[in-house]
Amino acid sequence: MMTKTKIALATWNRREHFEFFSQMEEPFYGLTSRVDCTKAYENAKALGISFFIYYLHKTLAAVNACEPFRWRIIDKEPWCFDRIDASATIMRKDETFGFSWMEYHPDIRVFEKKAQAEIDRIQGTTGLLTRSFPDENLIHFSSIPWVDFEGLSHARGFRYPDSCPKISFGKMTEKEGCKTMPVAVHVHHGLVDGIHVGRFLDTLQALLNG
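First, a word on what this report is: a plain description of the structure on this page. The structure presented is a predicted model; accordingly, all values stated were derived computationally and were not measured.

What follows concerns a nonpolar patch on the surface. Residues M91, F97, L128, L129, W146 and V147 make up a contiguous nonpolar surface patch of roughly 600 Å² in combined accessible area. Looking at the element boundaries, W146 is found in the loop between β7 (138-143) and β8 (166-169). With a relative accessible area of 56%, W146 lands in the exposed category.

As structure tokens, then:
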């Protein structure tokens, strides 16, 4: 069962950072990097798991391991969730997509079963919003396997009080036997700084190498 804990803002060492960036019209910023997915691709194929599901699971594992990525803003106050799930965009045959909800589980086989069921469900529907799901304990996840991008921006409604990280992967390319993918990370600066994004990316790379 997912739970959340309110952060004591009065004694939080990030209080000034939180208040400063929270008053901005656009408090999100983004970084783009690359990850080596050579070993991850081999592992996914050896396990018979979809590569998309495999690296989504590793991404969620890294998110849940890095506490600032579990912080959210609810009614203008900071909270920490004990588990973060994913809302991933799922493509259909007609080239539309729907928003999914995939609950994180540390066991990749358990996660795979749930994720594949959600993918199958989305592909049998139409439209964008095909189910209800939580607003806060999520990452917004997308894959753009057609583009080896070097930068990425997102459509955002500034009036909507969003604080969920947005993580996107691009096209996998290979050079001299090494497979890599671009990854873009967008986060709320009131919660997550550059050092935290760096730690997340290091954790993600270590998990992909595992």
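Counted under the stated rule, the structure contains 14 salt bridges. When the shortest N-O distance is used, the salt bridge between D85 and R83 registers 2.8 Å. In this structure, D85 and R83 share a single accessibility class: buried. Residues participating in the shared-partner salt-bridge network are E26, R156, D162 and K166.

Let us look at the sheet that holds strand β4 (residues 77-81). Pairing in this open sheet of 3 strands is antiparallel, and the strands run β1-β4-β3 from one edge to the other. Strands with a single pairing partner mark the edges of an open sheet, and in this sheet they are β1 (4-6) and β3 (71-74). Adjacent strand axes in the sheet meet at a mean angle of 40 degrees, parallel and antiparallel pairs treated alike. Direction of pairing for β1 relative to β4: antiparallel, over a ladder of 3 bridges. Along β4, the bridge assignment pairs K4 with F81.

Procedures and definitions
- Residues numbered from 1 in each chain as written.
- Predicted model: local features only at pLDDT ≥ 70, side-chain atom pairs only at ≥ 80, totals over all residues.
- Heavy atoms only, no water.
- Patch = residues over 30% accessible without salt bridge, like charges linked within 9 Å, V, L, I, M, F, W, Y side chains within 5 Å.
- Areas by Shrake-Rupley, 256 points an atom, 1.4 Å probe, with all protein chains shown as cover.
- Salt bridge = Lys/Arg side-chain N within 4 Å of Asp/Glu carboxyl O.
- Helix = DSSP H or I, 4+ residues; strand = E, 2+ residues; numbered from the N terminus.
- Buried < 20%, exposed > 50% of the residue type's maximum accessible area, 1.4 Å probe, protein only.
- Pairing = 2+ DSSP bridges.
- Axes fitted to C-alpha atoms, helices over the stretch in contact; angles between N-to-C directions.

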